[in-house]
Amino acid sequence: MEVKGARALLSACTTPVSEGMVVWTNSERAIRARKTTVELIMSNHNKNCLSCKRNLNCELQKLCQELGIRENRFEGEYTEPTFEDASPGIVRDTSKCVLCERCIQTCKKVQGIGVLGLMNRGFKTKVGPIYDAGFNAVNCMQCGQCVTACPVGALTEKESIHEVIEAINDPDKVVICQTAPAVRASLGEEFGHRIGTLVTGKMVAALKRCGFDRVYDTNYGADMTIMEEGTELLKRIQNGGVLPMFTSCSPGWIKYIEYEYPDLLPHLSSAKSPHMMFGAALKTYWAQKNNIDPSKIFVVSIMPCIAKKTEILRPECKTGEYQDVDAVLTTREAARLIKMYGMDNIDIFEDEKFDQDFCGEYTGAGVIFGTSGGVMEAALRTVKQILDGKPLENVDFMECRGMAGVKEAEVDLNGQKIWIAITSSMSCAKPLLDEVRAGTSKYTFIEVMGCPGGCINGGGQSIISGRKKARIGDEYKVWRMETLYEEDKMMPKRVSMDNAQMQDMYTEFFGEPGSELAEKLLHTTYSPKKRFDIE
Amino acid sequence: MEKLNGEALRKIDEIVARHKDQAGPCIEMLHEVQNELGYIPYEAMEKIAEATGSSPAEVYGVVMFYAQFTTEPKGKHVINVCLGTACYVKGAQQLIDRVEKLTGAAVNKTSPDGLFSLDATRCLGACGLAPVCIIDGKYYGNALVNNDFTNEIRRIVREEKKAGANA
C-alpha cells in the first residue's frame with residue numbers, strides 16, 4: 001500500500017495505523033507491486049491448475065484473477081519439489097507451495113505439535129516434516145488442520161473417490177454409505193450455500209443417486225458408541241477403574257495420545273469410533289439380517305475427517321473378520337463425487353430420508369456428536385437416564401455447548417457428583433492431560449476432540465479461505481454447530497438408549513452393551529507409537 | 001537410521017543442560033553437538049527442541065538453514081575442496097572429481113566405508129594457492145600440480161587398511 005509521506009510502499013499487514021494516516025491501497029504503484037509479487041510466486045508455482053484439487057477454490061488463483069495476471073511474465077528455474085503421499089491421509093506437493101507457513105503455524109499453535117517446519121534456504125526453501133519425510137513417519141495426528149489452512153493445493157487429502165466408484169460399479173458388491181453428523185452442516189458450502197446450511201435430506205438424495213445400495217447415518221453408530229462408552233464409564237466408576245476416562249471417537253486424538261502421552265492410554269475408552277462400530281455392525285448383524293455375505297459388503301464412510309482414513313487401516317481395529325470400513329471420503333470428496341455424477345446443484349432434490357431397514361434409526365444425541373461437547377452431552381443424557389430409571393425431563397446440557405477450548409461442569413448422577421471436562425484441539429487438551437499425568441485431575445470423564453470445535457471444523461470439511469476467516473473469525477464454527485443443535489431439537493428421540501432399532505439389535509445380536517461379542521467387535525486396543533520412525 | 005550409543009546421548013544431554021538457560025540457546029547447542037559428534041543426529045534435535053520449547057521440525061529447519069550443520073554422520077577424515085572463484089577457475093572441479101575417485105565419497109557426502117567426507121566449501125581465503133583443499137584441517141595448495149594431497153589420501157587409505165587388518 002502507498003502511505004502519504006512515506007517514500008517506499010509499505011506492507012499493509014505489518015504497518016501500524018497512526019493518527020491522520022492517509023493510505024492508498026489501490027494506487028497504480030501499489031497494484032503494480034502486488035502484481036509483480038504474485039507473478040514472482042507464479043514463476044515458481046506448478047501451474048497445472050486444471051487438474052489441481054484446489055482448482056476454483058484456490059487463493060493464489062483468486063489473486064491472479066483479481067490482479068489481472070494473464071501471462072507468465074517470469075520464466076525460469078523451479079525449486080526441486082517433494083511429492084509425498086505415503087500416509088493414508090495427507091498428500092504434500094511442494095511444487096504448489098507458496099511458503100505462506102500457515103500450515104506450520106496451525107500445527108504448532110492449534111495442535112501444539114509442530115510437525116511441519118521450513119527447511120533449506122533461499123530458492124531451495126521447502127515446507128515439510130523433519131528430514132522432508134512422509135507424514136506417516138513422524139508424530140503427525142493426521143487431523144488435516146494444515147490442509148484446511150493451506151491456501152493452495154500443496155497440502156491435500158489423499159483421495160479415495162476412485163476406489164468408491166469402482167466398488168459402486170462392481171455388481172457383486174453391496175456398497176453401503178454412512179454419513180457423519182458434521183458432514184450435513186458443511187456439505188452445502190461445496191454447493192454454494194452459506195456456511196452451516198443444513199442439507200441432510202438433499203445430501204441423502206444426492207448420495208442415493210450416486211448408486212450406493214444403502215445410505216445410512218453414522219448417528220446410529222454414535223448411539224451405539226454411547227451405549228458402549230456409557231456402560232464402560234459406569235463400570236469404571238462402580239468398579240474403581242482407571243479414571244478420568246477419555247472419549248475415543250476422534251482418531252486424530254487417538255494418534256496424538258499414542259505418540260505424546262502413551263502412559264495415559266489406560267484412560268482411553270476402549271470403544272471404537274462411531275463409524276467403525278457401525279461398519280462392524282453392518283458386516284455382522286446387518287449382513288446376517290439381509291442374508292448377505294459380509295465379504296461382499298463395502299462400507300464407505302463420509303466423514304469431516306482426514307484421520308479416519310488412517311483409522312480404518314489400524315491393525316488394532318480389525319477385530320472382526322473384515323476391515324470395519326473399506327473407504328473414507330471427506331466432505332470435500334463427497335461433494336466431488338456427487339458433482340462427478342452430474343449433480344451440480346443438490347437443491348433440485350426433495351429432501352429424502354436415510355434408508356430405514358434395521359440400522360436406519362437415530363437420535364438427536366447422535367447428531368450432536370459432530371460438535372465439541374456433543375459426545376459428552378449425549379453420554380450424559382443416556383447415563384443419567386439409566387441411573388434415574390426414568391425418561392429425562394430436560395435433555396439439554398447447556399454447559400456442554402459452545403466453542404470454548406475447555407469446558408467443565410459438575411454433574412449430579414443419581415446423587416453422586418462428578419466433574420466432567422470437554423476439550424478440543426491438542427493445545428487446549430495438553431494442560432488437562434498434564435493434570436491427569438500428575439494425578440491432580442478432578443475430572444471423571446473427559447471428552448477430547450482432535451480439531452478445534454470438534455468435527456464440524458474437521459480437516460475434511462469444506463475449506464473456508466483465509467480472507468473469509470479473517471472477516472468472520474471463528475463464527476463459521478458456531479454456524480455449523482448451531483445447525484446440528486437445530487437438527488437435534490427436531491428429532492422425536494433425543495436420548496441414544498431410546499433408539500429402538502438399536503435396542504432390537506442388542507437384544508437379537510450383541511446381547512447387551514459391553515457383552516463378550518460387543519467387546520470383540522465394538523471395542524479396540526491402543527499401543528504406544530514411536531514419534532519418529534525413519535530408516 | 002543408525003542408533004546412537006549411550007556415550008553420544010550422554011554428551012548431547014550434557015550440552016543441552018549446559019546451555020538451557022541461555023538466551024537463544026539453540027544455535028549454541030547445535031554448534032557443540034556438531035563439534036562433538038561431527039553431525040546433528042535426530043536425537044539431538046529432539047532433545048534441543050524439548051529444551052527450547054520448539055519442535056524437532058523447527059530445529060531441523062535451523063540445521064538445514066546453516067551450511068555448517070549437517071545431519072549426516074561425517075567420515076573419519078574430512079576433505080574440503082574450495083569452490084571459490086579463483087579455485088574454480090584454476091580447476092577445482094577436476095580436483096573434486098579426483099577426490100571422488102580416490103575416496104568413493106560424493107560431494108557433500110560420506111564414502112560408503114565411512115572413512116572420508118567430501119565437502120565443497122566457499123572461498124577459504126587462500127586464493128594465492130588456488131586450487132586449495134584441506135584434509136583434516138591441513139591446507140594443500142596448488143593441488144592439481146602438487147601431488148601432496150593425493151599422496152596424503154593414499155597414505156590414509158593404506159593406514160586404515162592396515163589398522164583394519166590388524167583389528
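Just so it is clear, the structure is predicted and the values come from calculations on it, not from any experiment. (Residues numbered from 1 in each chain as written. Chains lettered and ligands numbered in written order. Predicted model: local features only at pLDDT ≥ 70, side-chain atom pairs only at ≥ 80, totals over all residues. Heavy atoms only, no water.)

S.K.: Account for the overall build of chain A, naming residues and giving values.
M.R.: For chain A, the count of helices and strands is 18 helices and 15 strands. By principal-axis analysis of the C-alpha atoms, chain A measures approximately 75 × 55 × 50 Å. Put simply, chain A has 535 residues, and 58% of those count as buried. Contacts spanning at least 24 positions in sequence make up 76% of the contacts within chain A whose residues lie at least 6 apart. Summed over all atoms, the accessible surface of chain A reaches about 22000 Å², with 52% contributed by carbon and sulfur. Of the charged side chains in chain A, 65 are positive and 72 negative; the average position of the first set lies 7 Å away from that of the second. (Helix = DSSP H or I, 4+ residues; strand = E, 2+ residues; numbered from the N terminus. Buried < 20%, exposed > 50% of the residue type's maximum accessible area, 1.4 Å probe, protein only. Contact = heavy atoms within 4.5 Å. Areas by Shrake-Rupley, 256 points an atom, 1.4 Å probe, with all protein chains shown as cover. Lys, Arg positive; Asp, Glu negative; His and termini not counted. Charge placed at Lys NZ, Arg CZ, Asp CG, Glu CD.)

S.K.: Which residues make up the nonpolar core, and what values go with them?
M.R.: Counting residues in hydrophobic clusters, the biggest one holds 78 residues, and the most contacted among them are A:Leu187, A:Phe212, A:Met224, A:Ile338, A:Met505, A:Phe510 and A:Leu522. The element that contributes the greatest number of residues to this core is helix H9 (residues 274-290) of chain A, accounting for nine residues. Setting aside chain neighbours within four positions, we find A:Met224 in contact with A:Met277, A:Ala281, A:Met502, A:Met505, A:Tyr506, A:Phe510 and A:Leu522. Grouped together as the second largest cluster of nonpolar side chains are 74 residues, A:Leu67, A:Leu268, A:Ala421 and B:Tyr42 included. (Core = buried A, V, L, I, M, F, W, Y, C linked by side-chain atoms within 4.5 Å.)

S.K.: Got a sec to walk through the pattern of salt bridges? Specific residues and values, please.
M.R.: Residues and elements named next belong to chain A. For the coordinates displayed, the defined rule picks out 53 salt bridges over all chains. Measuring nitrogen to oxygen at the nearest pair gives 3.1 Å for the salt bridge that ties Arg102 to Glu59. Pair noted here: Arg102 is in helix H3 (residues 102-110) and Glu59 is in helix H2 (residues 59-67), with a separation of 43 residues, a long-range link. With relative accessibility at 30%, the residue Arg102 sits in the partly exposed group. According to the relative accessible area criterion, Glu59 is buried, its value standing at 17%. Taken together, the shared-partner salt bridges connect Glu377, Arg381, Asp396, Arg401, Asp488 and Arg494 into one network. (Salt bridge = Lys/Arg side-chain N within 4 Å of Asp/Glu carboxyl O.)

S.K.: I'd like a rundown of the domain arrangement of chain B, residues and numbers included.
M.R.: Put simply, an interface is often sized by how much accessible area is lost when its parts join up. Taken domain by domain, chain B comprises domain 1 (6-65) and domain 2 (77-166). Averaged C-alpha coordinates put domain 1 of chain B and domain 2 of chain B at centres separated by 29 Å. (Domains from an automatic or database assignment.)

S.K.: Help me get a handle on the sheet that holds strand S7 (residues 155-157) of chain A, residues and values and all.
M.R.: Residues and elements named next belong to chain A. Strand order in this open sheet of three strands is S3-S4-S7, and the pairing throughout is antiparallel. Two strands in the sheet have a free side with no partner beyond their single neighbour: strand S3 (83-84) and S7. Here two bridges tie S3 to strand S4 (residues 90-93), and the two strands are oriented antiparallel to one another. Residue pairing for S4: Glu84 is matched across the bridge by Arg92. (Pairing = 2+ DSSP bridges.)

S.K.: Could you give an account of the pairing of strand S15 (residues 443-449) of chain A, naming the residues involved and the relevant values?
M.R.: Residue and element names in this part refer to chain A. Of all seven residues making up S15, seven are buried, and the element is well covered by its neighbours. Summarising the sheet, strand S10 (residues 245-246) and S15 pair through two bridges and their orientation is parallel. When the sheet's bridge partners are listed, Phe246 is paired in S15 with Ile446. Each parallel crossover has a hand, and the one from strand S14 (residues 416-424) via helix H14 (residues 426-438) to S15 is right-handed. (Right-handed = clockwise from strand over helix to strand, strands pointing away.)

S.K.: A description of the side chain of B:Thr103 should follow, citing residues and the corresponding values.
M.R.: All names here are of chain B. Summarising the element assignment, Thr103 is placed in helix H6 (residues 92-103). Thr103 gets classed as buried once you look at its relative accessible area, which sits at 8%. At a separation of 2.8 Å, a polar atom in the side chain of Thr103 contacts the main-chain carbonyl oxygen of Val99. The contact partners of Thr103, leaving out residues within four places of it in the chain, are Ile79, Ser111, Phe116 and Ile153. (Polar contact = N/O pair within 3.5 Å; in protein donor to acceptor, adjacent residues only side chain to side chain.)

S.K.: Which residues make up the environment of A:Arg70, and what values go with them?
M.R.: All names here are of chain A. Inspection of the secondary structure puts Arg70 in the loop between H2 and S3. Relative accessible area serves as the criterion here: at 64%, Arg70 is assigned to the exposed category. Between the C-alpha atom of Arg70 and that of Glu39, which follows or precedes it by 31 residues, the distance is 9.7 Å.

S.K.: Talk me through the sheet that holds strand S13 (residues 406-413) of chain A; I want residue IDs and the actual numbers.
M.R.: Residues and elements named next belong to chain A. Strand order in the open sheet formed by four strands is S10-S15-S14-S13, and the pairing between neighbours is mixed. Because the sheet does not close on itself, it has two edges, and the strands there are S10 and S13. Each of S10, S13, S14 and S15 is contacted by H14, which is oriented at about 155 degrees to S15, the strand it contacts most. (Axes fitted to C-alpha atoms, helices over the stretch in contact; angles between N-to-C directions.)

S.K.: Just give me the short version of the domain arrangement of chain A, but keep the residues and values in it.
M.R.: Residue and element names in this part refer to chain A. Segmenting chain A into domains produces domain 1 (2-67), domain 2 (83-158) and domain 3 (162-522). The C-alpha-based centres of domain 1 and domain 3 are spaced at 41 Å. Taken residue by residue, the interface counts seven residues in domain 1 and five residues in domain 3. Buried surface at the junction of domain 1 and domain 3, summed over both partners, amounts to about 470 Å²; 37% is from carbon and sulfur atoms. For the pair domain 1 and domain 3, the interface holds one salt bridge. When the shortest N-O distance is used, the salt bridge between Arg467 and Glu66 registers 3.0 Å. The tally of links from domain 1 across to domain 3 stands at two residue pairs in polar contact (both at pLDDT 80 or more). (Buried area = accessible area lost by both parts, 1.4 Å probe.)

S.K.: Which residues make up the interface of chain B and chain A, and what are the values?
M.R.: Each partner contributes to the interface: chain B provides 19 residues, whereas chain A provides 17 residues. The contact between chain B and chain A buries some 1500 Å² in all, and 59% of this surface belongs to carbon and sulfur atoms. Summed over the shared surface of chain B and chain A, the number is two salt bridges. Linking A:Lys108 and B:Glu58 is a salt bridge whose minimum nitrogen-to-oxygen distance equals 3.1 Å.

S.K.: Can you explain a positive patch on the surface? Please cite residues and give values.
M.R.: Residue and element names in this part refer to chain B. Together, Arg98, Arg154, Arg158 and Lys162 make up a region of like positive charge exposed at the surface. It is helix H7 (residues 148-166) that provides the largest number of residues to the positive patch, a total of three residues. Note on placement: Lys162 falls in helix H7. A relative accessible area of 56% places Lys162 in the exposed class. (Patch = residues over 30% accessible without salt bridge, like charges linked within 9 Å, V, L, I, M, F, W, Y side chains within 5 Å.)

S.K.: Explain the side chain of A:Glu258 residue by residue, including any values.
M.R.: The residue A:Glu258 is located in helix H8 (residues 251-260) in this model. Setting aside residues no more than four positions away along its own chain, A:Glu258 makes contact with A:Leu265, A:Arg314, A:Glu316, A:Tyr526, A:Ser527, A:Pro528 and A:Lys529.

S.K.: Explain the packing of helix H3 (residues 42-52) of chain B against helix H4 (residues 56-65) of chain B to me, and be specific about the residues and the numbers.
M.R.: Residue and element names in this part refer to chain B. One way to put it is that H3 packs onto H4 with a least axis distance of 8 Å and a crossing angle of 115 degrees. Taken together, the axes of H3 and H4 are roughly perpendicular relative to one another. Seen from above, H3 lies across H4 with right-handed handedness. For the pair H3 and H4, contact is made by Tyr42, Met45, Glu46, Ile48 and Ala49 and by Pro56, Val59, Tyr60 and Val63, respectively. When its residues are assigned to classes, the contact of H3 with H4 shows eight nonpolar, no polar and one charged. (Parallel < 35°, antiparallel > 145°, perpendicular 65-115°, else oblique. Left-handed = near helix turned anticlockwise from the far one by under 90°. Nonpolar A, V, L, I, M, F, W, Y, C, P; charged D, E, K, R; others polar.)

S.K.: Provide a residue-level description of H2(A), including the pertinent values.
M.R.: Residues and elements named next belong to chain A. By the burial criterion, the buried members of H2 are Glu59, Leu60, Cys64 and Leu67. One face of H2 carries all of its buried residues, which in axial projection span an arc of 145 degrees. Of the surrounding elements, those touching the buried residues of H2 are helix H1 (28-43), H3 and helix H15 (466-472). Note on H2: the residue one or two positions beyond its end, Gly68, has a positive phi of about 70 degrees. (Arc of directions from axis to C-beta.)

S.K.: Hey, could you go over the packing of aromatic side chains for me, with residue numbers and the actual values?
M.R.: Tallied over the full model, the rule gives 14 aromatic pairs over all chains. An angle of 85 degrees between the planes, with centres 5.3 Å apart, marks the rings of A:Phe246 and A:Trp253 as edge-to-face. Residue A:Phe246 is classed as buried on the basis of its relative accessible area of 1%. Measuring from ring centre to ring centre gives 6.1 Å for A:Tyr256 and A:Tyr261, while their planes differ by 40 degrees; the resulting arrangement is tilted. Pair check on accessibility: A:Tyr256 and A:Tyr261 agree, each one buried. Members of the aromatic cluster, joined through ring pairs, are A:Tyr131, A:Phe532, B:Tyr42 and B:Tyr60. The ring of B:Phe65 has A:Arg121 lying over it, and the distance from NZ or CZ to the ring centre is 4.5 Å. Stacked on the ring of A:Trp419, the Lys or Arg A:Lys442 has its end atom at 3.8 Å from the ring centre. (Phe/Tyr/Trp six-rings, centres within 6.5 Å; stacked < 30°, edge-to-face > 60°. Lys NZ or Arg CZ within 6 Å of the ring centre and 35° of its normal.)

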